[in-house]
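# Fold and geometry: a report
Now for the letters of each chain:
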Amino acid sequence: MKLLNMFLNLLSADSYPVETIVEKGEKGLQWHPEKALDTLPNMGKGMLVIFVIIGVIILATLVINKVFSNKK
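Residues numbered from 1 in each chain as written. Predicted model: local features only at pLDDT ≥ 70, side-chain atom pairs only at ≥ 80, totals over all residues. Heavy atoms only, no water.

### Remarks on the overall build of the protein chain
- The helix and strand tally for the protein chain stands at three helices and zero strands.
- Written out in order from the N terminus, the α and β elements of the protein chain read α-α-α.
- When the accessible surface of the protein chain is summed, it comes to about 7,200 Å², and 72% of that surface belongs to carbon and sulfur atoms. (Helix = DSSP H or I, 4+ residues; strand = E, 2+ residues; numbered from the N terminus. Areas by Shrake-Rupley, 256 points an atom, 1.4 Å probe, with all protein chains shown as cover.)

What follows is the structure in structure tokens.
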């Protein structure tokens, strides 16, 4: 839900002046190497989901090929 709200806020860009976005970017985009290890579990979960989805697509393709193949 939080991600959806962020996306909707991005779509309504006219409600945010350009100066505000630039100022937030200059202040908010900083490198914190000590927090890099905190992001690894989320990145791992994301990669796992990607691999599972790719696996499902491969399996679905194999099943569809088996069902609809016209071998004579």
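### Quick notes on the confidence of the model for the protein chain
- In this model, the protein chain carries an average pLDDT of 79, and 65% of its residues clear a pLDDT of 70 or more.
- No element of the protein chain has a lower mean pLDDT than helix α2 (residues 18-28), at 59, and none a higher one than helix α3 (residues 36-68), at 94. (pLDDT = per-residue confidence, 0-100.)

### What to know about a nonpolar patch on the surface
- A cluster of nonpolar residues, Met47, Ile50, Phe51, Ile54, Ile58, Leu59 and Leu62, forms a patch on the protein surface that exposes about 720 Å² of accessible area.
- Looking at where Leu62 falls in the secondary structure, it is placed in helix α3. (Patch = residues over 30% accessible without salt bridge, like charges linked within 9 Å, V, L, I, M, F, W, Y side chains within 5 Å. Salt bridge = Lys/Arg side-chain N within 4 Å of Asp/Glu carboxyl O.)

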